[in-house]
Amino acid sequence: MSDYRVADVMTRQVIYLPAETTLDEAARVMKEADIGDVVVTDGATLAGLLTDRDIVVRAVAANSDPTTTTIGSITTREVVMIEQNCSAGDAAALMRERGVRRVLVCDVERKLVGIVSLGDLAVQLDPQSALGQISEQSPTG
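Residues numbered from 1 in each chain as written. Predicted model: local features only at pLDDT ≥ 70, side-chain atom pairs only at ≥ 80, totals over all residues. Heavy atoms only, no water.

Participant: What's the story with the overall build of the chain in this structure? I'm lost.
Facilitator: When its secondary structure is counted, the chain shows six helices and six strands. In the chain, the succession of helices and strands from N to C terminus is α-β-α-β-β-α-β-α-β-β-α-α. Within the chain, the proportion of its 141 residues that are buried is 46%. On the chain, roughly 7700 Å² of surface is accessible, and the fraction owed to carbon and sulfur atoms is 49%. (Helix = DSSP H or I, 4+ residues; strand = E, 2+ residues; numbered from the N terminus. Buried < 20%, exposed > 50% of the residue type's maximum accessible area, 1.4 Å probe, protein only. Areas by Shrake-Rupley, 256 points an atom, 1.4 Å probe, with all protein chains shown as cover.)

Participant: When you look at the sheet that holds strand E3 (residues 45–51) in this model, what are you seeing that I'm missing?
Facilitator: Consider a sheet: its strands pair through backbone hydrogen bonds, and that pairing is either parallel or antiparallel. One open sheet holds the three strands; their spatial order is E1-E2-E3, and the pairing between them is mixed. Of all strands in the sheet, those with a lone pairing partner are strand E1 (16–18) and E3, marking the two edges. The average undirected angle you get between the axes of adjacent strands in this sheet is 35°. Sheet topology note: the strand E2 (residues 37–42)/E3 ladder contains six bridges and is antiparallel. By the bridge assignment, Asp 37 is partnered in E3 with Thr 51. Against the sheet, helix H2 (residues 23–33) makes contact with E1, E2 and E3, and its axis sits at roughly 70° relative to E3, the strand it touches most. (Pairing = 2+ DSSP bridges. Axes fitted to C-alpha atoms, helices over the stretch in contact; angles between N-to-C directions. Contact = heavy atoms within 4.5 Å.)

Here it is, written out as structure tokens:
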């Protein structure tokens, strides 16, 4: 795993949505882009990361109205970042340590350049593993 850098396995497509975006709109954007997460902004500030799982667990399970509930109200505010030149092993260790499945990737100037998910690591580094096979079939990694 240590031969790969985060930049080698990350998803470079990052979609930003304002915190005022409704859940139904965010879900539509994720579906159209075939992604499982979006970066939530509050003006020019990074407010958090919203995943497809957040929508299901925090909104659908709570019977929130997807046409009026905003993504800012359910987004994960704790942002975990890793520098793109770190090893994929470092990314896996960080995910394990912080209990997250996705980490934002930045360059040396802390500019956001991608997102790396547990699925990205599995597909690229151990495609024969059960997680690698499942992630490869899933659009959300």
